[in-house]
Amino acid sequence: MKLQTKLTIWYYAYFTAYVLMIALFGYLLNGRWMLDSFAQPGQSIQYAVIFYMIVSIPGALYGFKYMMRSVSKIEDPVLQEAAYYKWSVIRMTLIAVGGLAAVAAFYLLYMKNAAGVTVHNQSMMWCAAVCILAQFFCKPTEKKIYLEMNDIREDDIPNS
């Protein structure tokens, strides 16, 4: 199977996981087993999700770029492709874990709005949105795979 196809399957699998998680948690929890966002356990969950996001998104993106320096020096194309595949999946996974955790936290945490009505914690949905947006930077295209695997910038490609 082609490298781009394998990575595309991973890429869309994570988006499918986001949708399934939203559907399952929305249906299964449906107001049950919720924690107060302002209680200590709720705050701890929020802090953990936010901290993970703040560390994992730039860490995954920069770490991947850093690893591509050594991957670009691999002479054997099969080994180079295998290393690229491994690090690309790790990058997508690190970002997706944050998004999935934020979706779970959205459904697990509640707060009272100004009218006293119980609502989900919207900040966790924003965190999930940031992770999902970061996931777009991982979309495998043929050109992107070539540029990343060879650790070159788009500007460095000579016009043909």
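Below is a summary of the structure that appears in this document. Because the structure is predicted, anything quoted here is derived from the model rather than measured. (Residues numbered from 1 in each chain as written. Predicted model: local features only at pLDDT ≥ 70, side-chain atom pairs only at ≥ 80, totals over all residues. Heavy atoms only, no water.)

## Here we look at the packing of helix α1 (residues 3–28) against helix α3 (residues 77–108)
For the pair α1 and α3, the least separation of the axes is 10 Å and the interaxial angle reads 10°. Viewed along their axes, α1 and α3 adopt a mutual orientation that is roughly parallel. (Axes fitted to C-alpha atoms, helices over the stretch in contact; angles between N-to-C directions. Helix = DSSP H or I, 4+ residues; strand = E, 2+ residues; numbered from the N terminus. Parallel < 35°, antiparallel > 145°, perpendicular 65-115°, else oblique.)

## Quick notes on the packing of helix α2 (residues 40–71) against helix α4 (residues 122–135)
Helix packing for two helices is described by the angle between their axes and how far apart those axes are. The geometry of α2 relative to α4 is characterised by a closest axis approach of 11 Å and an angle of 20° between their N-to-C directions. Considering their axes alone, α2 and α4 lie roughly parallel with respect to each other. The element α2 and its partner α4 pack so that their crossing is left-handed. Residues Gln46, Val49, Ile50, Met53 and Ile57 of α2 lie in contact with α4, whose contacting residues are Ser123, Met124, Cys127, Val130, Cys131 and Ala134. The residue makeup of the contact of α2 with α4, split by class, is nine nonpolar, two polar and no charged. (Left-handed = near helix turned anticlockwise from the far one by under 90°. Contact = heavy atoms within 4.5 Å. Nonpolar A, V, L, I, M, F, W, Y, C, P; charged D, E, K, R; others polar.)

## Section: unusual backbone geometry
Even without glycine at this site, Asp151 takes up a positive phi of about 50°. Mapped onto the elements of the fold, Asp151 is located in the segment after α5 (142–149). We classify Asp151 as partly exposed; its relative accessible area is 25%. (Buried < 20%, exposed > 50% of the residue type's maximum accessible area, 1.4 Å probe, protein only.)

## Here we look at α2
Here α2 contains 32 residues, and its C-alpha end-to-end distance of 44 Å stays within 8% of the 46 Å for a straight helix at 1.5 Å per residue. Of all the bends in α2, the greatest measures close to 25° and is centred on Gly59. Every buried residue of α2 is accounted for by Gly42, Gln46, Val49, Met53, Ser56, Ile57, Ala60, Phe64, Met68 and Val71. (Expected span 1.5 Å × (residues − 1). Bend = angle between axes of the 7 residues up to and from the residue.)

## A look at the side chain of Gln46
Summarising the element assignment, Gln46 is placed in helix α2. Dropping the residues within four chain positions of it, Gln46 is found in contact with Ser37, Leu109, Asn121, Ser123 and Met124.

## Description of the nonpolar core
Formed by 36 residues in total, the largest nonpolar core has its most connected members in Leu7, Tyr84 and Met124. Those elements that place two or more of their residues in this core are α1, α2, α3, α4 and α5. Broken down by element, this core gets its largest block of residues, 13 residues, from α3. Apart from residues lying up to four places away in sequence, Tyr84 is in contact with Leu3, Leu7, Phe64, Met68, Val71, Arg91, Lys144, Ile145, Glu148 and Met149. (Core = buried A, V, L, I, M, F, W, Y, C linked by side-chain atoms within 4.5 Å.)

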